[in-house]
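Take a look at the letters that make up each chain.
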Amino acid sequence: MSRQLKIGYETLCFSLLMLSLYSYVSTVDMEGSSWYWFDLIEAIVVDGSFIFFAYLALKHVIGRYISPKKNALLTSALLATYTLIVYASYSLYSINGSRLTLDLTIYGIKQGGGMVRVVTDSASNHVVTDFWIFICLLLGALAYRLSNVFRGWALAATLISVPLVLLHAPGLLRNSDWSWSNDWFQQSYAARFFVIKQEDNAFADLLTNTAEIPKWNFSKSLAHAIPNQKKPNIIILVMESVRSDAITQENMPFIAAMTQRSDQFLQAYTTKDHTSKALIGIFCGMYSKDDLAVSEDSNNNPLNCLPKYLGSNNYRVGYFQSADEKFEDRPRLLKLMGFSDWKALKDLDNSRFKYLGYFGIDDHAMLNPIQKWISQNPAGQPFFLGVLNVGTHHPYDLPGKKNPYPDDAQRSKEAYLETLRLYDDFVAKLVFWLEKKGILGNTMLVLTGDHGEAFQEHGLSTHGHVPYQEVARIPLIVHRPGQTIGRIDNQLRQHIDILPTVLSEAGYTPPAKVPGKVLYGPGHDQLYFSCWTRSDCIALIEPNRKYIYHFGKTSFEVFNSGMDPLEQNNIAEKIDNKTKKKALSTMLTYRRAISNFYSKEN
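What counts and how
Residues numbered from 1 in each chain as written. Predicted model: local features only at pLDDT ≥ 70, side-chain atom pairs only at ≥ 80, totals over all residues. Heavy atoms only, no water. Pairing = 2+ DSSP bridges. Helix = DSSP H or I, 4+ residues; strand = E, 2+ residues; numbered from the N terminus. Axes fitted to C-alpha atoms, helices over the stretch in contact; angles between N-to-C directions. Buried < 20%, exposed > 50% of the residue type's maximum accessible area, 1.4 Å probe, protein only. Arc of directions from axis to C-beta. Contact = heavy atoms within 4.5 Å. Parallel < 35°, antiparallel > 145°, perpendicular 65-115°, else oblique. Left-handed = near helix turned anticlockwise from the far one by under 90°. Nonpolar A, V, L, I, M, F, W, Y, C, P; charged D, E, K, R; others polar. Phe/Tyr/Trp six-rings, centres within 6.5 Å; stacked < 30°, edge-to-face > 60°. Lys NZ or Arg CZ within 6 Å of the ring centre and 35° of its normal. Disulfide = S-S within 2.5 Å.

Asker: Before we move on, can you summarise the sheet that holds strand β18 (residues 538-542) with the specific residues and values?
Answerer: Strand order in the open sheet formed by four strands is β17-β18-β19-β20, and the pairing between neighbours is antiparallel. On the outer flanks of this sheet lie β17 (527-530) and β20 (557-560), each paired with one strand and no other. Adjacent strand axes in the sheet meet at a mean angle of 15° when their direction is disregarded. Here strand β19 (residues 545-549) runs beside β20; their pairing, made up of four bridges, is antiparallel. The partner of K546 across the bridge, within β20, is F559.

Asker: Go over unusual backbone geometry with me, naming the residues and quoting the values.
Answerer: Going from H394 to P395, the amide bond is cis rather than trans, its omega being 15°. Relative to the elements of secondary structure, P395 occurs in the loop between β9 (383-388) and α16 (409-436). Even without glycine at this site, N314 takes up a positive phi of about 70°. When you line up the elements, N314 lands in the loop between α13 (306-311) and β5 (316-321). The exposure class assigned to N314 is exposed, which follows from its relative accessible area of 51%. At E567, a residue that is not glycine, the phi angle is positive and equals roughly 55°. On the secondary structure map, E567 appears in the loop between β20 and α19 (577-597). In this structure E567 comes out as buried when scored by relative accessible area, which is 1%.

Asker: Help me get a handle on helix α15 (residues 367-375), residues and values and all.
Answerer: Among all positions of α15, only L367, I370, Q371, W373 and I374 are buried. Down the axis of α15, the buried side of the element spans an arc of 160°, and every buried residue falls inside it. Seen from the open side of α15, the exposed residues pointing more than 90 degrees away from its buried face are K372 and S375. The secondary structure elements touched by the buried residues of α15 are β5, β9 and α16.

Asker: Break down the packing of α15 against α16 for me, with residues and values.
Answerer: Each pair of packed helices can be summarised by the angle the axes make with each other and by the distance between the axes. Contact pair α15 / α16: the axes reach a minimum separation of 11 Å and the direction vectors enclose 25°. Here α15 is positioned roughly parallel relative to α16, judged by the angle of their axes. Handedness of the crossing formed by α15 with α16: right-handed. Contacts between α15 and α16 involve L367, I370, Q371, I374 and S375 on the former and, on the latter, F426, K429, L430, W433 and L434. Broken down by class, the residue content of the contact of α15 with α16 amounts to seven nonpolar, two polar and one charged.

Asker: Break down the sheet that holds strand β14 (residues 487-489) for me, with residues and values.
Answerer: Within the open sheet, the eight strands sit side by side as β6-β5-β9-β2-β10-β13-β3-β14. Their pairing is mixed. Single-partner strands in this sheet number two, and they are β6 (342-343) and β14. In this structure, β5 lies alongside β6, joined through two bridges in parallel fashion. If you follow F320 over to β6, its bridge partner there is K343.

Asker: Describe the packing of aromatic side chains, with residues and values.
Answerer: Overall, the coordinates contain 21 aromatic pairs when judged by the stated rule. A ring pair is formed by Y287 and Y528, whose centres lie 5.9 Å apart and whose planes are at 75°; its orientation type is edge-to-face. In this pair, Y287 is assigned in the loop between α12 (275-284) and α13 and Y528 in strand β17, connecting sequence segments 241 residues apart. Judged by centre distance (6.1 Å) and plane angle (25°), the ring pair of F339 and F384 falls under stacked. Note that F339 is positioned in the loop between α14 (330-337) and β6 and F384 in strand β9, a separation of 45 residues in sequence. Across the ring face of Y508, the terminal group of K231 is positioned such that the distance to the ring centre comes to 4.2 Å. Across from the ring centre of Y520, 3.9 Å away, lies the NZ or CZ of R480, which sits over that ring.

Asker: Any details on the state of the cysteines? Residues and values, ideally.
Answerer: For the structure on display, the rule yields two disulfides. Here C284 engages in a disulfide with C305; their sulfurs sit 2.0 Å apart. When the S-S torsion is 90°, as for the bridge of C284 with C305, the disulfide is right-handed. One end of the pair, C284, is in helix α12; the other, C305, is in the loop between α12 and α13, and 21 residues separate them in sequence. For the pair C284 and C305, one class covers both residues: buried. Through a disulfide, C531 is tied to C537; the S-S separation comes to 1.7 Å. Across the S-S bond of C531 and C537 the torsion is about -90°, and the bridge reads as left-handed. Just as C531 is buried, C537 falls in that class too. What links to what in the chain: the bonded cysteines, counted in sequence order, pair as 1-2, 3-4.

Any functional reading would require information beyond the geometric quantities listed.
Put into structure tokens, the structure is as follows:
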């Protein structure tokens, strides 16, 4: 037992050391960062000396070691396996620059199928992975001998690094902007235990002064606003990672032309910057739960979504996506929403169409199956169809042409724009077919982005923890049956408005106690947005101002949306504390209301 304990402890120590250094180098911004080398040295001193000293101290408590050779082999094997798993998780979820927290790592490990494809996606991943395995093997073999030579130096380095440890853990400082930490070890433990406790204390203080927390309710049945009205077909095209500024003649010529005979809502926002969570807002008219997993179906499912509402009122409902349905268990989410018929990657023709990115196929592979599904619709029965593409998702590959620079923001944006043009062609072919078959005249067509996409406008890439306009603001276009003249709306709108709008267009009275509003009535006075990862960032959006709270990880931000639409100038210092505290209190009230909705308090 003693020997097994020694082996286990030594493996843990070296694993944490290597994982910490590895993930720090992986997540730090290596381009344009004047702090890069200082941060790297600091990570080595802090994590290396701290863990190494603990290792040496317990060495004398535990006693004598097994042979150096066996120890090095066992440590290296376990460490190499662990590093590979974490690298895959990092590749899939942290390529946008987000900090690799313990929650995110565990979540990544659960998505095993997706990670395998990421690791094998490009030669560069193999090179980096093999390099780190080599380093781990080398250090594992040398560690035993170093421990007998540098005991005193390890102790000295540990004592010297104490001030850096204090800087390393954001929660130990009042001004957490001083924290330089991006590495896995500190973010998983120090930040988790200190920052979140501070956040909870802040909530307790503010929630005592908040306005009445709203209660939302989705009725089980619908009332007819216009009896015997002919029901329109409804198609919602969810455009993966498409920004609000992407709809231009150059990027997406067909969709841009469509706006001339459709209604375009220019101040529309997503509810959350992650696809599965955003789909809750789009199809269900509700904010999603504030956690990583798709767990909205717990506690007897208080949601009633468009497929469920319309499906129980003689609509035929269907859903198509060009991504792998195994990712985040999409079938479970679709069943929750009320879809009983769906098609995904496994149902599409991969002999004619190329695989793209991590988990999808050319969006054009959906065209024939969608046309076949619509053609099979019984005469006189309206249909509701949801379609989600994948071609515009990172790493922005084209059929037969991989993006060679998936981690280079500027070059990736160029590749991203090319994927937009390809998706625009998909939409054009689908709409032309609907028009040719005489179906478009009785079809309500909704196009919206699930979220936008960042390219280092604020030092962040892709999506997942980006509260700024490039991700939070999304395109929202509605073409009503027979519409020939377009209209521009500049009021605050959000995904939650799609449900009541569609129900109203179909001749039903929307449920009274839902957070969304019909798009053809007054807009919102304010909107709530939250990032995917818990306690990462939340925002309050007003017509001419936006507040962003980062839970103490960086400064409170306020932007003048009218004068600074790209959100480049933080004016928080010019805003009085009372106004900022009121904004934060409102955000927390929304957060509590969402939590209550999914709990037994609803």
